[in-house]
Amino acid sequence: CALPICFSKRMARRSLRIAATADMHYGKHSRGMLHEAFAEISSNADILLLCGDLTEYGLPEEAEALVADIRATVRIPILAVLGNHDFESGQPELLCKVLDDAGVNVLNGEAIEIKGIGFAGIAGFGGGFGRRMLNAWGEPLIKQFVQESITHAVRLEQALTKLQTERRIVVLHYSPIRATLQGEDPEIYAFLGSSRLEEPINRFRVNAVFHGHAHNGILDGKTSTGIPVYNVSAPALRKTGKAYRVVEL
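Residues numbered from 1 in each chain as written. Predicted model: local features only at pLDDT ≥ 70, side-chain atom pairs only at ≥ 80, totals over all residues. Heavy atoms only, no water.

(A) Highlighting the nonpolar core. Core analysis: the biggest nonpolar cluster contains 30 residues, and F38 and L50 have the highest contact counts within it. Contributions of two or more residues to this core are made by α2 (35-44), β2 (47-51), α3 (60-73), β3 (78-81), α4 (92-101) and β4 (104-106). The leading source of residues in this core is α3, at five residues. Core analysis: the second largest hydrophobic core is formed by 23 residues, I47, I169, V171 and Y230 among them. (Core = buried A, V, L, I, M, F, W, Y, C linked by side-chain atoms within 4.5 Å. Buried < 20%, exposed > 50% of the residue type's maximum accessible area, 1.4 Å probe, protein only. Helix = DSSP H or I, 4+ residues; strand = E, 2+ residues; numbered from the N terminus.)

Here it is, written out as structure tokens:
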């Protein structure tokens, strides 16, 4: 092929260093907690993913503490999803505004393209896995719980549909597979993720998935079709000596 076309293809396939973390649980007085880690990430990665539980109680003041560290250190694009802690105070819109004002793109069923790679993100929800997945049967509250799980999976699918990029990344808080939950009590697996999230990930042949929430889980897993899934919960990652992980794609 002609040189310009070959060069264009090489540029499109340029590797991207993705840093990711989750479950930072910033409080009102946490400013400075990840200052050093964010500075390292800004120097060593092309993009930063924050995979939920950014705050302890979902308060705007807690988000302000996080944003102060981000503004002081991070010079690369940042994508985020919210986690269950971020909904605790019922103010997710205010939380997102604080993050958005600092240049953090919060994905809530949306998709975005950065440097030739497509990202689709949503918090996700629980519901369990495989044959033990909770189904919409019985009490209205059970049906509502299952419907919430289905809704998040559908919105993830809709976000993936919008991406035209060759490479696609999914950003979640809840896990789409059981594998990365090993180490957690089996009794709470149903509240840590759902197989419903895995189906669109497999169907759209996503390149990688990042999630948090599993503080005691393991770091690496794969979907049933072999797609890499990374648990980037900071409490789990700290066992490796870092509160974040960098993956090159």
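(B) Spatial organisation of the packing of aromatic side chains. Under the defined criterion, the tally for this structure stands at four aromatic pairs. Residues F125 and F145 carry aromatic rings whose centres are separated by 4.9 Å and whose planes lie at 50 degrees to one another, so their mutual orientation is tilted. Here the residue F125 occupies a position in the loop between β6 (117-121) and α5 (140-162), and F145 occupies one in helix α5, the gap between them amounting to 20 residues. Between F125 and Y174 the ring centres are 6.0 Å apart and the planes differ by 45 degrees, which places this aromatic pair in the tilted class. (Phe/Tyr/Trp six-rings, centres within 6.5 Å; stacked < 30°, edge-to-face > 60°.)

(C) Representation of the layout of surface pockets within the structure. Its boundaries defined by the atoms lining it, the largest pocket holds a volume of some 220 Å³. Residues of the lining of the largest pocket, tallied by class, amount to nine nonpolar, five polar and three charged. (1 Å grid on protein atoms, 1.4 Å probe; cavity = no way out; pocket = protein on both sides within 12 Å on 5 of 7 lines; lining within 4 Å. Points joined across faces, edges and corners; volume = space filled by probe spheres on them. Nonpolar A, V, L, I, M, F, W, Y, C, P; charged D, E, K, R; others polar.)

(D) Focus on the packing of α3 against α4. For the pair α3 and α4, interaxial distance at closest approach is 9 Å and the crossing angle is 15 degrees. Taken together, the axes of α3 and α4 are roughly parallel relative to one another. Seen from above, α3 lies across α4 with right-handed handedness. Contacts from P60, A63, E64, L66, V67 and R71 of α3 reach α4 at L94, L95, V98, L99 and D101. Across the contact of α3 with α4, the residue classes break down as eight nonpolar, no polar and three charged. (Axes fitted to C-alpha atoms, helices over the stretch in contact; angles between N-to-C directions. Parallel < 35°, antiparallel > 145°, perpendicular 65-115°, else oblique. Left-handed = near helix turned anticlockwise from the far one by under 90°. Contact = heavy atoms within 4.5 Å.)

(E) Highlighting the pattern of salt bridges. This model, assessed by the stated rule, comprises seven salt bridges. The partner of R203 in a salt bridge is E157, with the nearest N and O atoms 3.0 Å apart. Taken together, the residues span a long stretch of sequence, with R203 in helix α6 (residues 198-203) and E157 in helix α5 at a distance of 46 residues. When its relative accessible area of 43% is taken as the criterion, R203 is described as partly exposed. Given a relative accessible area of 25%, E157 falls into the partly exposed group. Close ionic contact of R203 with E199 constitutes a salt bridge, the shortest N to O distance being 2.8 Å. (Salt bridge = Lys/Arg side-chain N within 4 Å of Asp/Glu carboxyl O.)

(F) Just the pairing of β2, in detail. Of all five residues in β2, five are buried; the element is thus mostly enclosed. Neither face of β2 is exposed, since I47, L49 and C51 on one face and L48 and L50 on the opposite face are all buried. Alignment of strand β1 (residues 17-21) against β2, held across four bridges, turns out to be parallel. Paired with T21 across the bridge in β2 is L50. (Pairing = 2+ DSSP bridges.)

(G) Representation of the sheet that holds strand β9 (residues 220-222) in the model. One open sheet holds the six strands; their spatial order is β5-β6-β7-β8-β10-β9, and the pairing between them is mixed. Each having just a single partner strand, β5 (110-114) and β9 make up the two edges of the open sheet. Strand-to-strand twist in this sheet, taken as the mean axis angle between neighbours without regard to direction, amounts to 25 degrees. In this sheet, strand β8 (residues 208-211) lies alongside strand β7 (residues 167-171) in parallel orientation, the contact comprising three bridges. Bridged to I169 within β8 is A208. Strands in contact with α5 are β5, β6 and β7; relative to β5, the strand with the most contacts, it is inclined by about 35 degrees.

(H) Region of interest: the side chain of N231. Locating N231 in the fold gives a position in strand β10 (residues 228-231). Engagement of the side chain of N231 in a polar contact is seen with the backbone oxygen of I218, the distance being 3.2 Å. From its side chain, N231 meets the backbone nitrogen of S233 in a polar contact 3.1 Å long. With residues up to four places along the chain from it excluded, the contact list for N231 reads T180, H211, G212, A214, G217, I218, L219, A236 and L237. (Polar contact = N/O pair within 3.5 Å; in protein donor to acceptor, adjacent residues only side chain to side chain.)

(I) The environment of Y174, seen in detail. Following the sequence through the fold, Y174 ends up in the loop between β7 and α6. Of the residues examined, Y174 reaches a relative accessible area of 8% and is grouped as buried. Note: C-alpha distance between Y174 and V232 (58 residues apart in sequence) is 11 Å. Every residue in contact with Y174, bar those within four places of it in the chain, is listed here: N84, A123, G124, F125, G126, F191, L192, G193, L197, H211 and H213.

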